[in-house]
Amino acid sequence: MPTITIDGHKIEAQPGKTIIEAALDSGIVIPHFCWHPALSVAGNCRMCLVRVGSYKKAADGTLELDENGNPVVQWMPKLQIACATPVAEGMVVDTTGDKTTEAQNAVMEFLLINHPLDCPICDEAGQCKLQEYAFKHSRGESRFVEEKVHKPKRVHWSDRIVFDGERCILCSRCIRFANEIAQQPVLTFVERGDHVTIELFEGTQFDSPYSMNVIELCPVGALTSADFRFRSRVWEMSFTPSVCPGCARGCNINIGVRNNEILRLEPRPNPHVNQYWMCDDGRLNQYRWVNTGRISGAWLRQGSQLQSVSIEQALEVVARALADQGGMLILSGSLTNEDGYLARKLATALNTLELVFVERNDPSFGDSFLRCSDRNANSAGLEALGIKRVSWDQLAAHVASRKPSVLYFLGADPLAEQATGWDAIIATVPLVVAQLTNHSPLEAFAHVVLPASTYAEIEGTFTNIDGWVQHLRPAVETQETLRINGMKQSRLDKFGAPNDRWTRGERRLCRPHWQLIAGIATALGLPWHYSTAADVFAELSQTVPAFGGMDYSVLDHFRGVRLGAQPEPLGVVYESHFMKPQSE
């Protein structure tokens with residue numbers, strides 16, 4: 001491996017890597033705008049200019065030394081771009097010297113000449129790479145007194161993405177992403193000189209299923225989300241690492257919350273699972289149902305009406321029915337591993353319960369990149385726990401033949417999924433328990449309704465289609481987690497006064513599925529003692545061999561561990577924006 005020297009530190013670099021990659025592998029970040037590890041090299045921002053040379057040698061091959069005894073470096077006459085210069089044995093790189101700093105200042109001054117002062121109204125403000133470098137690598141003042149160049153603003157590339165040509169610094173990240181990752185080459189540079197801008201090819205839109213990834217890729221505020229635009233400043237939000245529940249891929253995400261309401265989801269890098277990306281469907285459709293249409297509190301049918309009762313009272317009714325009559329537990333495939341484990345444990349303890357989870361396949365959704373036809377978030381995890389997978393049609397036939405006295409739906413909802421014939425089947429069951437997150441037509445048939453927390457309100461784990469077990473963390477508070485999650489919330493939420501309008505977000509009365517199952521066990525007198533999801537997962541990892549050796553800290557450190565395998569090295573995870581508000 002080539003040995004190079006960066007800022008006086010000797011580094012062993014992988015052959016074929018560029019200077020910027022070798023530096024990043026060693027924890028040295030060279031300023032850059034256009035470079036991204038998942039995209040081809042463009043080399044057009046020039047922000048990564050560095051001084052490159054080699055040690056000068058005498059005729060006999062020995063190193064020449066200066067008067068202080070230090071090796072003499074023979075520098076190249078011009079600075080080199082670190083993103084496109086491959087490392088070589090004996091290379092010397094200076095990223096902080098006067099010549100390099102002068103070049104960085106000059107590039108920043110050039111980029112800011114025509115950049116509008118939109119920071120007070122820009123969605124990117126507070127997480128902007130241009131702001132970051134204006135603090136770190138610029139002169140701090142402008143010598144430009146002429147009128148700035150004006151370019152098209154508020155250009156809709158699709159119904160999801162808005163482009164501002166004046167803010168664009170022409171890094172070409174979006175163009176390369178469209179060509180190389182989204183496989184939709186519809187963007188290009190047009191014009192010349194300081195009038196260059198980006199346009200769509202005539203008659204096209206940038207509407208790839210992954211198009212919105214350019215919003216995070218963009219180092220400035222030139223590309224904004226039509227869904228999130230002007231809704232919040234990022235420093236007013238909390239960002240919590242989690243896992244997207246939209247399909248079996250389990251893309252890593254950050255959940256952006258303010259006023260106890262999810263305002264946006266965005267991809268979180270994970271080399272094992274989703275690299276740096278997520279699909280637009282997950283980004284747009286996996287948070288709205290957390291904010292609206294939620295079930296809060298337990299309900300018990302008395303006569304023809306559902307009446308509000310305490311959760312404990314409802315759990316006692318369910319516990320008596322399961323103990324006396326048996327029945328069937330029907331799980332959603334998007335329940336966590338912890339939920340599935342306790343459901344299995346309850347079925348084993350009573351020995352009169354059947355336990356299945358319902359598949360949810362959509363062949364039109366899957367593709368060859370990230371999106372999976374399996375729309376359940378945790379099918380692999382529930383199967384690893386030994387829980388049988390069934391379709392709604394198979395289950396309908398089974399229920400019709402067995403005629404169970406109790407149907408206990410845990411997250412699964414045949415009416416919301418428009419499964420054929422289930423309204424007639426449910427109408428004949430003596431006791432129907434609906435343990436759901438959101439209001440549903442199933443409530444009209446349910447005798448007991450239990451309020452379940454969503455993926456954004458719980459701690460737990462999902463196992464994705466490739467067997468990666470990944471950790472979810474709560475981003476939204478419920479009435480029962482305020483004291484636990486309080487200091488993880490956004491600064492407005494946690495420091496707001498009672499009379500502040502942003503502290504009035506709804507806190508629902510709901511519990512994780514595993515906690516509701518544990519409440520049934522308590523009502524039955526079973527000796528279960530779980531205070532947290534971590535307690536459940538600790539027992540699960542000791543009981544189920546495929547999960548052996550795992551705990552939440554290990555899952556966090558390695559960003560997932562594969563079932564039945566040892567943790568795999570994570571390497572250096574590239575984060576494009578350092579000033580972005582992070583939860584950790």
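Just above sits the structure.
About the criteria used
- Residues numbered from 1 in each chain as written.
- Predicted model: local features only at pLDDT ≥ 70, side-chain atom pairs only at ≥ 80, totals over all residues.
- Heavy atoms only, no water.
- Phe/Tyr/Trp six-rings, centres within 6.5 Å; stacked < 30°, edge-to-face > 60°.
- Helix = DSSP H or I, 4+ residues; strand = E, 2+ residues; numbered from the N terminus.
- Buried < 20%, exposed > 50% of the residue type's maximum accessible area, 1.4 Å probe, protein only.
- Pairing = 2+ DSSP bridges.
- Right-handed = clockwise from strand over helix to strand, strands pointing away.
- Contact = heavy atoms within 4.5 Å.
- Axes fitted to C-alpha atoms, helices over the stretch in contact; angles between N-to-C directions.

(A) Spatial organisation of the packing of aromatic side chains. Evaluated as defined, the whole model comprises 13 aromatic pairs. Taking 5.5 Å as the distance between ring centres and 85° as the angle between the ring planes, the aromatic pair formed by Trp35 and Tyr574 counts as edge-to-face. Highlighted residues: Trp35 in the loop between helix 1 (19-25) and strand 3 (49-55) and Tyr574 in the segment after strand 25 (561-562), separated in sequence by 539 residues. A residue is classified by how much of its surface remains accessible, and Trp35, at 4% relative accessible area, is buried.

(B) Highlighting the pairing of strand 18 (residues 353-358). Counted residue by residue, strand 18 has 5 buried out of 6 residues, so it is predominantly covered. The sheet contact formed by strand 17 (residues 327-332) and strand 18 spans 6 bridges and is parallel. Residue pairing in the sheet places Ile330 in a bridge with Val356 of strand 18. After leaving strand 17, the chain enters helix 9 (residues 337-350) and then returns to the sheet as strand 18, a path that is right-handed. Here strand 18 pairs with strand 19 (residues 388-390) via 3 bridges, running parallel. Across the sheet, Val358 pairs through a bridge with Val390, a residue of strand 19. Each parallel crossover has a hand, and for strand 18 linked through helix 10 (residues 379-384) to strand 19 it is right-handed.

(C) Fine view of the sheet that holds strand 24 (residues 468-472). Strand order in the open sheet formed by 3 strands is 23-24-25, and the pairing between neighbours is antiparallel. Either end of the sheet is taken by a strand with one partner, and the two such strands are strand 23 (460-463) and strand 25. In terms of strand pairing, strand 23 meets strand 24 through 4 bridges, oriented antiparallel. Residue pairing across strands places Phe462 opposite Gln470, the latter belonging to strand 24. The strands touched by helix 9 within the sheet are strand 23 and strand 24, with strand 23 carrying the most contacts at an inclination of about 95°.

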